[in-house]
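Fold and contact review
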Amino acid sequence: MFVRTTEMQADRAKLDDGIAVVRDDIFPAVSQMDGCVGMSLLLDRETGRCIATTAWRSEEAMQETASKVMALRDRAQQALSGSEAEVHQWEVVAVRRDHAAPDGACARLTWLSGDPTTADRAIDTYKMVVL
């Protein structure tokens, strides 16, 4: 699975309006794109930091949708009165979810960096120890 993230700083006064646009308009449009397997929106209400993620069955599906999601990204940015979006693409190497996330669910993200030659070992350790 592959993920595209879009991060921006939103106007905190616009968060609820932006969430409604993402939930009601953008999620359904992205979900209908070939190869999409899910989407989420993470936000910090105290700072206005927003991270939208779209998950794709393959790297090819993610690449093929890049131009299609641009207009949707712009719409979310306008609704949130957000800063310039920073977009990244990722390979998902470990996932564990016991059940669907209920309304109001939270997430903890950990950003790591290090020597790329040890990435496989780090992923294996994460899977065995943390998960």
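See the structure shown above.
The notes below deal with the structure included here. (Residues numbered from 1 in each chain as written. Predicted model: local features only at pLDDT ≥ 70, side-chain atom pairs only at ≥ 80, totals over all residues. Heavy atoms only, no water.)

1. A look at the overall build of the protein
Counting secondary structure elements, the protein contains four helices and four strands. When its helices and strands are written in sequence order, the protein yields β-α-β-β-α-α-β-α. Burial analysis of the protein (131 residues in total) assigns 27% to the buried set. (Helix = DSSP H or I, 4+ residues; strand = E, 2+ residues; numbered from the N terminus. Buried < 20%, exposed > 50% of the residue type's maximum accessible area, 1.4 Å probe, protein only.)

2. Focus: a nonpolar patch on the surface
On the surface, Met1, Val37 and Val95 cluster together into a nonpolar patch covering about 260 Å² of accessible area. On the secondary structure map, Val37 appears in strand β2 (residues 36-44). Of the residues examined, Val37 reaches a relative accessible area of 40% and is grouped as partly exposed. (Patch = residues over 30% accessible without salt bridge, like charges linked within 9 Å, V, L, I, M, F, W, Y side chains within 5 Å. Areas by Shrake-Rupley, 256 points an atom, 1.4 Å probe, with all protein chains shown as cover. Salt bridge = Lys/Arg side-chain N within 4 Å of Asp/Glu carboxyl O.)

3. Looking at the environment of Phe27
Following the sequence through the fold, Phe27 ends up in helix α1 (residues 15-31). The exposure class of Phe27 is partly exposed, given its relative accessible area of 23%. Between the C-alpha atom of Phe27 and that of Gly38, which follows or precedes it by eleven residues, the distance is 8.6 Å. With residues up to four places along the chain from it excluded, the contact list for Phe27 reads Val22, Met39, Ser40 and Leu41. (Contact = heavy atoms within 4.5 Å.)

4. What to know about helix α3 (residues 66-79)
Between the first and last C-alpha of α3 there are 20 Å, a value that for 14 residues agrees with the 20 Å anticipated at 1.5 Å per step. Those residues of α3 lying buried are Val69, Leu72, Arg73, Ala76, Gln77 and Ala79. Within two residues after α3, Ser81 carries a phi angle of roughly 50 degrees, on the positive side. (Expected span 1.5 Å × (residues − 1).)

5. With respect to the side chain of Gln77
Tracing the backbone through its elements, the reader meets Gln77 in helix α3. Given a relative accessible area of 16%, Gln77 falls into the buried group. Filtering out sequence-adjacent residues up to four positions away, Gln77 remains in contact with Met8, Gly82, Ser83, Glu84 and Ala85.

Any functional reading would require information beyond the geometric quantities listed.
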